[in-house]
Amino acid sequence: NLKKFGLWRQLAAIKHLTVAEPLSYLDNLSLIRHARAVLTDSGGMQKEAAFVGTPCITLREETEWPETLKQGNFLAGLSQSKIVSRLCHLPQVKSGRSHRIKGREPSEIISLALRKFLGAL
């Protein structure tokens, strides 16, 4: 559609913009984590961006994840002025999120569950 609507050349010419084919989950998560910002209409990408602390500009008027609005997600709809304004005023430092659950690392919880399960065999 980018080519169909005459947008491909303009986007491809933007120095720090990556336009990619569909990616695996882990490749996509890595791109989100290392991006300066994410522009999306995807609820899943909003949630992933909030989780890793990357600012997200959502190209919709509402979100099914309202909690992300407190974690760096901005609703811009399709308003060019809102999108540009948000891009010009992105936070300089990612806040990131603690990955701890009830004070423990996820790896601790998983390894304990595996030990319990394997011990029960």
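Along every chain, residues carry numbers that run from 1 in the direction the sequence is written. Only residues with pLDDT of 70 or above have their local features reported here, since the model is predicted, and side-chain atom pairs are shown and tallied only from 80 upward, although totals for entire chains, interfaces and linings are computed over all residues. With hydrogens and water set aside, each side-chain value is computed from the structure's full complement of heavy atoms.

A. Spotlight on the packing of aromatic side chains. Between rings of Phe, Tyr and Trp, where Trp is taken as its six-membered ring, a pair exists when centres lie within 6.5 Å; planes separated by under 30 degrees are stacked, by over 60 edge-to-face, and by other angles tilted. Tallied over the entire structure, the rule returns zero aromatic pairs. K3 extends its terminal NZ or CZ atom over the ring of W8, reaching a point 5.6 Å from the ring centre. Two conditions define a charge sitting above a ring: the NZ of Lys or the CZ of Arg must be within 6 Å of the ring centre, and it must be within 35 degrees of the ring normal.

B. Up close: the pattern of salt bridges. One speaks of a salt bridge when a side-chain nitrogen belonging to Lys or Arg is within 4 Å of a carboxyl oxygen belonging to Asp or Glu. Overall, the coordinates contain two salt bridges when judged by the stated rule. A salt bridge links K47 to E67; the nearest nitrogen and oxygen atoms lie 2.5 Å apart. One end of the pair, K47, is in helix α3 (residues 43–52); the other, E67, is in the loop between β2 (56–58) and β3 (73–75), with 20 residues separating them in the sequence. Helix and strand assignments follow DSSP, with helices taken as H or I runs no shorter than four residues and strands as E runs no shorter than two, numbered in order from the N terminus.

C. How the structure looks around the confidence of the model for the chain. Confidence scores labelled pLDDT are given residue by residue by the predictor and lie between 0 and 100. On average, residues of the chain score 87 in pLDDT, and 93% of them reach the 70 mark or higher. Per-residue pLDDT, averaged within each element of the chain, yields its smallest value for helix α1 (residues 8–12) (87) and its largest for β2 (95).

D. Molecular detail of the packing of helix α2 (residues 25–34) against α3. Helix axes are fitted to C-alpha atoms over the stretch in contact, other axes to C-alpha atoms as well, and angles between N-to-C directions run from 0 to 180 degrees. Taken N-terminus to C-terminus, the directions of α2 and α3 make an angle of 55 degrees; their axes are 9 Å apart at the nearest point. The angle between α2 and α3 places the two elements in the oblique class. Considering the relative orientation of α2 and α3, their crossing is right-handed. The residues of α3 that touch α2, namely those facing Y25, N28, L29, I32 and R33, are M45, E48, A49 and V52. The cut-offs work like this: below 35 degrees is roughly parallel, past 145 is roughly antiparallel, 65 to 115 is roughly perpendicular, and the gaps in between are oblique. Note on convention: near helix rotated counterclockwise from far helix by under a right angle means a left-handed crossing. Clockwise means right-handed. For this analysis, residues touch if any pair of their heavy atoms sits within 4.5 Å.

E. Structural view of the layout of surface pockets. Every definition here rests on a 1 Å grid over the protein atoms only: cavities are sets of points where a 1.4 Å probe fits but cannot get out, pockets are open sets enclosed by protein on both sides within 12 Å along at least five of seven lines, and lining residues have some atom within 4 Å of a point. Grid points are joined across faces, edges and corners, and a volume is the space filled by probe spheres set on the points. There is about 1300 Å³ of room inside the largest pocket. In terms of lining, the largest pocket is formed by 29 residues, of which the most central are L17, T18, V19, V38 and L39. Every element with two or more residues in the lining of the largest pocket is listed here: α2, β1 (38–40) and α4 (80–88). Throughout this entry, Asp, Glu, Lys and Arg are counted as charged residues, while Ala, Val, Leu, Ile, Met, Phe, Trp, Tyr, Cys and Pro are counted as nonpolar. The remaining residues, Gly among them, count as polar. Across the lining of the largest pocket, the residue classes tally to 21 nonpolar, five polar and three charged.

F. Expanded view of helix α5 (residues 106–119). Given the number of residues in a helix, its expected span is that number minus one, multiplied by 1.5 Å. The terminal C-alpha atoms of α5 lie 20 Å apart, and with 14 residues this matches the ideal 20 Å at 1.5 Å per residue to within 8%. Classification of residues uses two cut-offs on accessible area relative to the type maximum, computed with a 1.4 Å probe and protein chains only: under 20% is buried, over 50% is exposed, and between them is partly exposed. Of all 14 residues in α5, zero are buried; the element is thus mostly exposed.

G. Geometry of the sheet that holds β1. A pair of strands counts as paired when DSSP detects no fewer than two bridges linking them. The strand order across the open sheet built from three strands is β1-β2-β3, with neighbouring strands paired in parallel fashion. Lying at the two open borders of the sheet, with one neighbouring strand each, are β1 and β3. The average undirected angle you get between the axes of adjacent strands in this sheet is 20 degrees. Alignment of β2 against β3, held across three bridges, turns out to be parallel.

H. Structural context of the side chain of Q46. Checked against the element boundaries, Q46 lands in helix α3. Identification of polar contacts relies on pairs of N or O atoms within 3.5 Å, with a donor-acceptor requirement for protein atoms, meaning one able to donate a hydrogen and the other able to accept it, and with residues adjacent in sequence counted only if both atoms are side-chain atoms. At 2.5 Å, the side chain of Q46 forms a polar contact with the side chain of T63.

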